[in-house]
Amino acid sequence: MTPEPSADAPAHAIETVFRIESPRIIAGVARIVRDVGIAEELAQDALVAALEQWPREGVPGNPGAWLMATAKHRAIDLVRRRERYARKLVEMGRDLEASAPHGHIDEPADPDDIDDDLLRLVFTACHPVLSAEARIALTLRLLGGLTTVEIARAYLVPEATVAQRIVRAKRTLAAKAVAFEVPYGPEREARLGSVLEVIYLIFNEGYAATAGDDLLRPALCEDALRLARVLAELMPKEPEVHGLAALLEIQASRSAARTGPSGEPVLLKDQQRSRWNRLLIRRGFAALARAEAVSTGGGPGPYVLQAAIAACHAHAYSYEETDWARIATLYGLLAARTPSPVVELNRAVAVSMAEGPGAGLAIVDALVAEPALRGYYLLPSVRGDLLVRLGRVEEARGEFERAASLTRNERERGLLLGRAEECG
């Protein structure tokens, strides 16, 4: 007999769709209400409506469009009801009616318009009235659709801290009446650093999810890559913008090779490089060349350096042919430019390949007492790998088991436990 579908299956499917579509919905609605906090609430209202209607009436042909239109309908109703939005409603006029007329579920807006809304959302969330930490947390929540737990893991801070940052950030933006727009001139430059970091972190969450059953979250990678490309067109003379675009293009080129047939992670040294996307690699090389062409002195920035590291991997036809000495040098420059224990951990890997596992282990051992890495699973994972290469397999087993206990991604946990078993 065919098993009966779970009663939770429709709700799970709806929540999955919502998680994918929520950044676009929030961005599209924020353009109407000019308040990211209210926009997020209206997006949640659309989710509640879907949970009520779809199990009864069936999932619409274009669920993303349904959610977007429902949220926009409610946004227009809210604008009409509240006197303080009356002036904005008049200014928007027919544009609002055209964007989501009552009683009709439209197809999604033009993709370029959606991207523009996402870009506005990033710059709004990265307004200087917010602290740097609040900007990152808010944008990851709104644009990336990350939970407070995932953001806390990415930043190695308590979940309660992240939740407080997000709540206060929304209140501050509303109280200061921050415009929902892409700024120009000096104001744009002032926000650029936070914007680049947000896009980078969103891509990283898609490239290696901090939690869940899947290693990859492709929708996040696609949104981050699309934003980086739009930003590069918007700011053609900024080398770090092109550097970030180059980094994401090259990293994204490996996506198909990073998982096996069952979704299991495939380590870089075991990846079939023939599966790397050559078009994305060429785009990355071109973006890196643009970054170098518009550089004005002072040395390359952190995103240009990371793109150069990624380019070293992309140039190599095999893992063994990789120019590890150059990668170690580039990580040294990156560590000098932006000191970070995570950068130092990556440098240790490159040094181990260029000079031997003993040299890499010395760097890693110096990081063991680093407070910021106490719960970071890649520290024991890297240490375990170096111990295996040194023949200290029993110690390595303990490191892999510890790394497995720290990760919240099921695919990563399976890989680490498998490596621990191999050491037995």
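In the block above lies the structure referred to throughout.
The notes below deal with the structure included here. If you're wondering where the values come from, they're calculated on a predicted model, not measured in any experiment. (Residues numbered from 1 in each chain as written. Predicted model: local features only at pLDDT ≥ 70, side-chain atom pairs only at ≥ 80, totals over all residues. Heavy atoms only, no water.)

Right, let's get into the overall build of the protein. When helices and strands are tallied, the protein shows 20 helices and two strands. By residue count, 48% of the 424 residues in the protein fall in the buried class. In the protein, the proportion of contacts linking residues at least 24 apart, taken out of those at least 6 apart, comes to 67%. Summing over all exposed atoms, the protein offers an accessible surface of approximately 20200 Å²; the carbon and sulfur share of this is 52%. (Helix = DSSP H or I, 4+ residues; strand = E, 2+ residues; numbered from the N terminus. Buried < 20%, exposed > 50% of the residue type's maximum accessible area, 1.4 Å probe, protein only. Contact = heavy atoms within 4.5 Å. Areas by Shrake-Rupley, 256 points an atom, 1.4 Å probe, with all protein chains shown as cover.)

Turning our eyes to something else, we now look at the side chain of Asp-223. For Asp-223, the location among the structural elements is in helix H11 (residues 218-234). We classify Asp-223 as buried; its relative accessible area is 3%. A polar contact is formed between the side chain of Asp-223 and the side chain of Arg-24, at a distance of 2.8 Å. Reaching out from Asp-223, the side chain makes a polar contact with the side chain of Arg-226 at a distance of 2.3 Å. (Polar contact = N/O pair within 3.5 Å; in protein donor to acceptor, adjacent residues only side chain to side chain.)

Time to look at helix H13 (residues 278-294). Because each turn of an α-helix spans 3.6 residues, side chains separated by three or four positions in sequence point in the same direction. With 17 residues, H13 ought to run about 24 Å at 1.5 Å a step, and its terminal C-alpha atoms sit 25 Å apart, in line with that. Elements in contact with the buried residues of H13: H11, helix H12 (239-252) and helix H14 (302-315). Where H13 begins, one side-chain oxygen reaches toward the backbone nitrogen of Leu-279, 3.0 Å away; that side chain belongs to Asn-277. (Expected span 1.5 Å × (residues − 1).)

Take unusual backbone geometry next. Even without glycine at this site, Arg-34 takes up a positive phi of about 60 degrees. Mapping Arg-34 onto the fold places it in the loop between helix H1 (9-33) and helix H2 (36-57). Taking the relative accessible area as the measure of exposure, Arg-34 reaches 35% and is therefore partly exposed. The backbone of Ala-177 sits at a positive phi, close to 50 degrees, despite the residue not being glycine. Summarising the element assignment, Ala-177 is placed in the loop between helix H9 (159-175) and helix H10 (185-207).

Our focus in this paragraph is the nonpolar core. Formed by 91 residues in total, the largest nonpolar core has its most connected members in Val-33, Ile-199, Leu-231 and Leu-248. Judged by nonpolar contacts, the second largest core, of 36 residues, contains Ile-363, Phe-400, Ala-420 and Cys-423. (Core = buried A, V, L, I, M, F, W, Y, C linked by side-chain atoms within 4.5 Å.)

Moving on, we come to the packing of helix H15 (residues 324-337) against helix H16 (residues 341-355). As a packed pair, H15 and H16 sit with axes 8 Å apart at the nearest point and diverge in direction by 155 degrees. Taken together, the axis directions place H15 and H16 in an arrangement best described as roughly antiparallel. Crossing angle aside, the handedness with which H15 passes H16 is left-handed. Each of Trp-324, Ala-325, Ile-327, Ala-328, Tyr-331, Gly-332, Leu-334 and Ala-335 in H15 lies in contact with H16, whose residues at this interface are Val-343, Glu-344, Asn-346, Arg-347, Ala-350, Val-351, Met-353 and Ala-354. Residue composition of the contact of H15 with H16, grouped by class: twelve nonpolar, two polar and two charged. (Axes fitted to C-alpha atoms, helices over the stretch in contact; angles between N-to-C directions. Parallel < 35°, antiparallel > 145°, perpendicular 65-115°, else oblique. Left-handed = near helix turned anticlockwise from the far one by under 90°. Nonpolar A, V, L, I, M, F, W, Y, C, P; charged D, E, K, R; others polar.)

What follows deals with the pattern of salt bridges. As enumerated under the stated definition, the model contains 18 salt bridges in all. Between Arg-191 and Glu-187 there is a salt bridge; the shortest N-O distance is 2.5 Å. Pair noted here: Arg-191 and Glu-187 are both in helix H10, with a separation of four residues, about one helical turn. Between Arg-383 and Asp-365 there is a salt bridge, with its nearest N and O atoms 2.7 Å apart. Here Arg-383 is found in helix H18 (residues 378-389), whereas its partner Asp-365 is found in helix H17 (residues 357-365), with 18 residues between them in sequence. According to the relative accessible area criterion, Arg-383 is buried, its value standing at 15%. Taken together, the salt bridges that share partners define one network made up of Arg-24, Asp-223 and Arg-226. (Salt bridge = Lys/Arg side-chain N within 4 Å of Asp/Glu carboxyl O.)

Moving on, we come to the packing of aromatic side chains. Applying the stated rule across the entire model yields five aromatic pairs. Taking the centre distance of 5.3 Å and the plane angle of 75 degrees together, the rings of Trp-54 and Trp-66 count as edge-to-face. Of this pair, Trp-54 sits in helix H2 while Trp-66 is found in helix H3 (residues 63-81), placing the two residues twelve residues apart along the sequence. Positioned above the aromatic ring of Trp-276 is the side chain of Arg-254, whose terminal nitrogen or guanidinium carbon lies 5.5 Å from the ring centre. It is Arg-258 that lies over the ring of Tyr-207; its NZ or CZ is 3.8 Å from the centre. (Phe/Tyr/Trp six-rings, centres within 6.5 Å; stacked < 30°, edge-to-face > 60°. Lys NZ or Arg CZ within 6 Å of the ring centre and 35° of its normal.)

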